[in-house]
Amino acid sequence: MAPTQPRVEPLSGRWSHAFLACGAVVVLATSLSQGALRGWLLVGSAVAALGATAVVAQRRHDLLGPVSILRVALLLLVPGYVIWYPLGLNAELALVTISITDVLFIGGYLLYVAALARLIRRRGGSDRVVQVLDSLIISIGLAVLAWVFVISPVVRDPGFSGAAKATAVSYPAIDVLLLGAVIRLLVQGRLTSVGDRLLTGWVCVQLTADLVYTVTSLRDTFSFDGPSPVLYTGSFVLLGGAVLHPSLALDPPAAPEPSLSAWRRLMLVGAASLIAPIVLIGLGLTGKVEDVATVALMSGVLFALALARIGILMVDVEQHRRIEDQLQASVRAERQRFTENRELLVSLRERQALSDRLFRIQRKISSRAPLQDVLDSITAGASDLLRDEVTGLRLIDAERPDILRLVSSVGVPAGTAPELSQLVVGEGVGGRAVSEDRLCIQEDYAAWEGGLDPFRARRLTAAMGAPVHVEGRPIGSLVVGTFRPSRKYSPAEQDALIALAEHVSLALNDARTVQAMHEALDQALHQAMHDALTGLPNRACFYERTEQALRSARRDDASTAVLLFDLDRFKEINDTLGHRYGDLVLQDIGPRISAQLRPQDTLARLGGDEFCVLLPHMTASAAGLVARQIVAALEDPFEIDGMLLAVEASCGIVVAPEQGDTADLLLQRADVAMYLSKRSHGDPVVYSDEVDVNTPDRLALLGELRAAIGRDELCLHVQPQRDLVTAEVVGIEALVRWNHPRLGFLPPDRFIPIAEDTGLIRPLTAWVLSSALGHLRSWIDDPAVPLSNDAAIAVNVSTRSLLDDDFADEVTAVLQRAGVPPERLILEVTETAIMADPERAHRLLTELAGTGVRIAIDDFGTGYSSLASLRFLPVHQLKIDKSFVTRMHEAPNDATIVRSIIDLGHTLGLTTVAEGVETEAAMDQLQRLGCDVAQGYFVARPMPTASMAEWVRHHRLEAAGSPYG
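Procedures and definitions
Residues numbered from 1 in each chain as written. Predicted model: local features only at pLDDT ≥ 70, side-chain atom pairs only at ≥ 80, totals over all residues. Heavy atoms only, no water. Phe/Tyr/Trp six-rings, centres within 6.5 Å; stacked < 30°, edge-to-face > 60°. Lys NZ or Arg CZ within 6 Å of the ring centre and 35° of its normal. Core = buried A, V, L, I, M, F, W, Y, C linked by side-chain atoms within 4.5 Å. Buried < 20%, exposed > 50% of the residue type's maximum accessible area, 1.4 Å probe, protein only. Helix = DSSP H or I, 4+ residues; strand = E, 2+ residues; numbered from the N terminus. Contact = heavy atoms within 4.5 Å. Patch = residues over 30% accessible without salt bridge, like charges linked within 9 Å, V, L, I, M, F, W, Y side chains within 5 Å. Areas by Shrake-Rupley, 256 points an atom, 1.4 Å probe, with all protein chains shown as cover. Salt bridge = Lys/Arg side-chain N within 4 Å of Asp/Glu carboxyl O. Lys, Arg positive; Asp, Glu negative; His and termini not counted. Charge placed at Lys NZ, Arg CZ, Asp CG, Glu CD. Expected span 1.5 Å × (residues − 1). Pairing = 2+ DSSP bridges. Axes fitted to C-alpha atoms, helices over the stretch in contact; angles between N-to-C directions. Parallel < 35°, antiparallel > 145°, perpendicular 65-115°, else oblique. Left-handed = near helix turned anticlockwise from the far one by under 90°. Nonpolar A, V, L, I, M, F, W, Y, C, P; charged D, E, K, R; others polar.

Caption draft 1: Quick peek at the packing of aromatic side chains. If you walk through the whole model with that rule in mind, you get 1 aromatic pair. Taken together, a centroid distance of 5.7 Å and an interplanar angle of 70° make the contact between Y445 and W448 edge-to-face. The ring of Y581 has R580 sitting right over it, with the charged end atom 5.3 Å from the ring centre. The ring of F638 is capped by R592, whose NZ or CZ atom sits 3.7 Å from the centre of that ring.

See below:
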């Protein structure tokens, strides 16, 4: 556990100053007074010093402290002075006299020495050995003087007894000890406070008083009227002021400063060490040899102490030298570190400036600033960061890969700019950086033969170039140059130029990427808005331009026309010659149509063989003229690989805003008009509400028909066909009816066209076939139904069914499921359906006929079939259209047509069936003309299948008595 420091309660410095002031008055009074008064003043000052010491010791509570020891010393000295003074007045005193006062004085002085030793111990120091040596050298030097001038005379005086000599010698010896203690305090460096200085002054005055007393006593000149009482009084005043001053603290200051500088201490120690030799020489010169041995011994001691001090000094010097060397090394290292830190700071500042510049450049690149602005910013950044006067950025010319063109520069003289605007790759620092693909540095540019003449002429001193890359290959260089002499490019500057060149690469790559993205986007938009085969605008583009034209027309109160073209017989080209020829024809269509259009018009391919033309600001009459010109232009054959291919077009015309105000509605109605043109094989057709069957009611009926097929809302009616010779039922025509839950029974002409136009005809035909053959099978198996052995059921086939390659397989499957022989099924087709695609129709009918199914031409006489085409078709029946039959008794021409058809059929070996037989006269006339079978209201009206069996039985009974039986 650390020792507890004594509690200190210092007095105010004013007490010390007051005591000193009063003491000064006492000293003055002592010096002026004579006789007994001087002595009593001496005693009073001693008592006052004792009181002050007691007061301070009591407040400090430090029983073993220097002040307490001084108090005890005064307790001995004050009685000594009290006794010594009366004795001195009443009896003559001498050094040979031994009394109680000597004991008190010597004891008090020894306590003085103990107090100073305690103070020295408390104060301590960092170099005690040196301090002790210095104090001993000075003290022994003074002891030599004390010995020669004070002690030796006393010792050698025969008038003194041994005790008297010891007593007399004790005083100077103790004085030397006190003086040594003061010197120790001086070299210890603890006399910076007022208290320390007063204490030192007290010791010095006390020693002076003792020296004066001793000398005057030896010379028998001592007197109380002399200086000794004054000096003793002053010493007690200084002691009282010292102990009363608060700065005389027991704890040493935190960082004391020495009271004597090193050279002063050395001079003092040197002077003290010379005292003994000088005294020894003086004794030798004066012949006083009795003290030579003692002085020589002291000289030896001083010499030994001086050697020790010199040894310590040499050690200190060596240590100081080592410390100085270490300090110098530390200073050099610190300077090196400072230089490195300064260079590092400069490098960090440069890198920070580079980072800031690169960050600004990156922001420009990321914000898609113009490329030239980015390149100019990089060039300016290189000039600022490297502090060079000339900076240039060159890129390889796109058309001449051997040429570098100057695209950005700083500091290039206006007079030389044209000359330096293009360089050959390999010339100059920048050209070498490109050709060698590395950083190139030339620090003696003026003497370099590869330098550029304009810069060499201007005494360019140094230059550095870094390559610029795009997609990993060098395509340019960033170059800096300077006119400053002895220019050297540091690694940091080289890295900076490389980093800036890389940002040029980044900017160029980003610009190329953006350009590629824009080109890809433009291409994607072009592809999205144009037809891949013909390059014409597609449906989406046509919609967009139509909407724009409509908005413009609304602003200008003008009309806009839309023409929709569909190629006729284009399918024949694809099926006969292949799609390659069809594609070539489609590619030639665009130029022919475009030749008839204005620059502001738009031609688009909607898909397949459909083309559409947008005519902004054009009336219906003008649009019709353009449409006829286009149709006429398309009538000329197309020459493909030496072959002349004929293609015609049907055209529908619609005009906005009268017939629609949106692109969807215009195209829909143009499509309606185009199909009317295709069906009539005539001129372009202008849309009108009267020809448009696509009404909301029709659309609703379409949705209901799709559901009706699956919900068994359809029903089958049949109409018998009667042989005009045997009166037997030889055929039955199946007629579909729709039992609509809301509209009631709907005839075929209400929903069959809808089914044909939308593709529902296929499932509808399949239902009719299945239902008809199922009923025929049930009638064949029922003996109560008297049908002829070869009676067949007839089902109408649409144009879509003739164009369906799977239709023959479906018919065969239905026959097999129903278990009906194929020859008992008659498929009725119209001439129009056959002529839609004669080749495919011929192929399908031939396949069906090959299975045994019989084929009938329905409504014969109203279509476009020729005798040649009829001759090669696998036909079994000709059904004469009812428009001729019903009027033949009124119109001779119709009767002639009927006779001709019957004769034609018989000539070709075909059975003839007359439709629309509604009167007995028509029946008779047909029988006379040789017609084979009759069908009509006169024979039987269409009836539900459930009524068929009863009608057949009743008909047989009637036929028995009929003239036609």
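Caption draft 2: Region of interest: the nonpolar core. Ranked by internal contacts, the top residues of the largest apolar core, which has 80 residues, are L764, L802, V811, L825, L827 and L926. When residues of this core are assigned to their parent elements, the largest contribution, 9 residues, is made by helix 23 (residues 761–781). Excluding residues within four positions of it along the chain, V811 makes contact with L769, L825, L827, L848 and V853. Judged by nonpolar contacts, the second largest core, of 32 residues, contains L536, F570, L615 and I640.

Caption draft 3: Seen up close, a negative patch on the surface. Negative charge collects at one region of the surface, where D805, D806, D809 and E847 lie side by side. Residue placement: D805 occurs in the loop between helix 24 (799–802) and helix 25 (807–818).

Caption draft 4: Spatial organisation of helix 18 (residues 579–594). With 16 residues, helix 18 should reach 22 Å at 1.5 Å per residue; the first-to-last C-alpha distance of 23 Å fits that figure. For helix 18, the set of buried residues is Y581, G582, V585, L586, I589, G590 and I593.

Caption draft 5: Highlighting the pairing of strand 9 (residues 610–615). Among the 6 residues that make up strand 9, 6 are buried, leaving the element largely enclosed by the rest of the structure. Here strand 9 shows no split at all, with E610, C612 and L614 on one side and F611, V613 and L615 on the other all buried. Taken together, the 6 bridges between strand 7 (residues 560–568) and strand 9 define a ladder with antiparallel strand orientation. Of the residues in strand 9, the one forming a bridge with L563 is V613. Pairing of strand 8 (residues 602–607) with strand 9 involves 5 bridges; the strand directions are antiparallel. Across the sheet, the residue bridging to L603 is V613, located in strand 9. From the end of strand 8 to the start of strand 9, which pair antiparallel, there are 2 residues, and G608 there has a positive phi angle of about 60°.

Caption draft 6: Fine view of the sheet that holds strand 4 (residues 440–442). The strand order 3-2-1-6-5-4 describes an open sheet built from 6 strands, whose pairing is antiparallel. At either end of the open sheet lies a strand with only one pairing partner, and these are strand 3 (422–424) and strand 4. Taking each pair of neighbouring strands and ignoring which way they run, the sheet shows an average axis angle of 25°. Sitting on the sheet, helix 13 (residues 428–436) is in contact with strand 1 (390–396), strand 2 (403–410), strand 4, strand 5 (462–470) and strand 6 (473–482), with an inclination near 150° to strand 6. Here helix 15 (residues 491–529) sits on the sheet in contact with strand 1, strand 4, strand 5 and strand 6, set at roughly 30° to strand 5.

Caption draft 7: Region of interest: the packing of helix 23 against helix 25. For the pair helix 23 and helix 25, interaxial distance at closest approach is 9 Å and the crossing angle is 30°. As judged from the angle between their axes, helix 23 and helix 25 are roughly parallel. Taken as a pair, helix 23 and helix 25 cross one another with a handedness that is right-handed. For the pair helix 23 and helix 25, contact is made by R762, T765, L769, S770, L773, G774 and R777 and by F807, E810, V811, V814, L815 and A818, respectively. Classifying every residue of the contact of helix 23 with helix 25 gives 7 nonpolar, 3 polar and 3 charged.

Caption draft 8: Representation of the sheet that holds strand 13 (residues 685–686) in the model. A sheet is described by the order of its strands in space; here 5 strands give the open sequence 8-9-7-12-13, paired in mixed fashion. One side of each edge strand has no neighbouring strand; the edge strands of this open sheet are strand 8 and strand 13. Against the sheet, helix 20 (residues 663–680) engages strand 7, strand 8, strand 9, strand 12 (648–656) and strand 13, with an angle of about 140° to strand 12.

Caption draft 9: Focus on helix 11 (residues 371–386). Taking 1.5 Å of rise per residue, the 16 residues of helix 11 would be expected to cover 22 Å, and the 23 Å separating its terminal C-alpha atoms lies within 8% of that figure. All buried positions along helix 11 are accounted for by V374, L375, S377, I378, T379, G381, A382, S383, L385 and L386.

Caption draft 10: Main features of the side chain of H503. Structurally, the position occupied by H503 is in helix 15. The class for H503 is buried, based on a relative accessible area of 10%. Non-local contacts of H503, meaning those with residues more than four positions away in its chain, are made with L358, I361, Q362, I365 and I378.

Caption draft 11: Representation of unusual backbone geometry. Here the amide bond leading from A656 into P657 is cis, since omega sits at 5°, within 30 degrees of zero. Tracing the backbone shows P657 in the loop between strand 12 and helix 20. Its identity is not glycine, yet S486 carries a phi of approximately 55°, on the positive side. Topologically, S486 is positioned in the loop between strand 6 and helix 15. Here S486 falls in the exposed class, since its relative accessible area comes to 70%. One non-glycine residue with positive phi stands out, namely A727, at about 65°.

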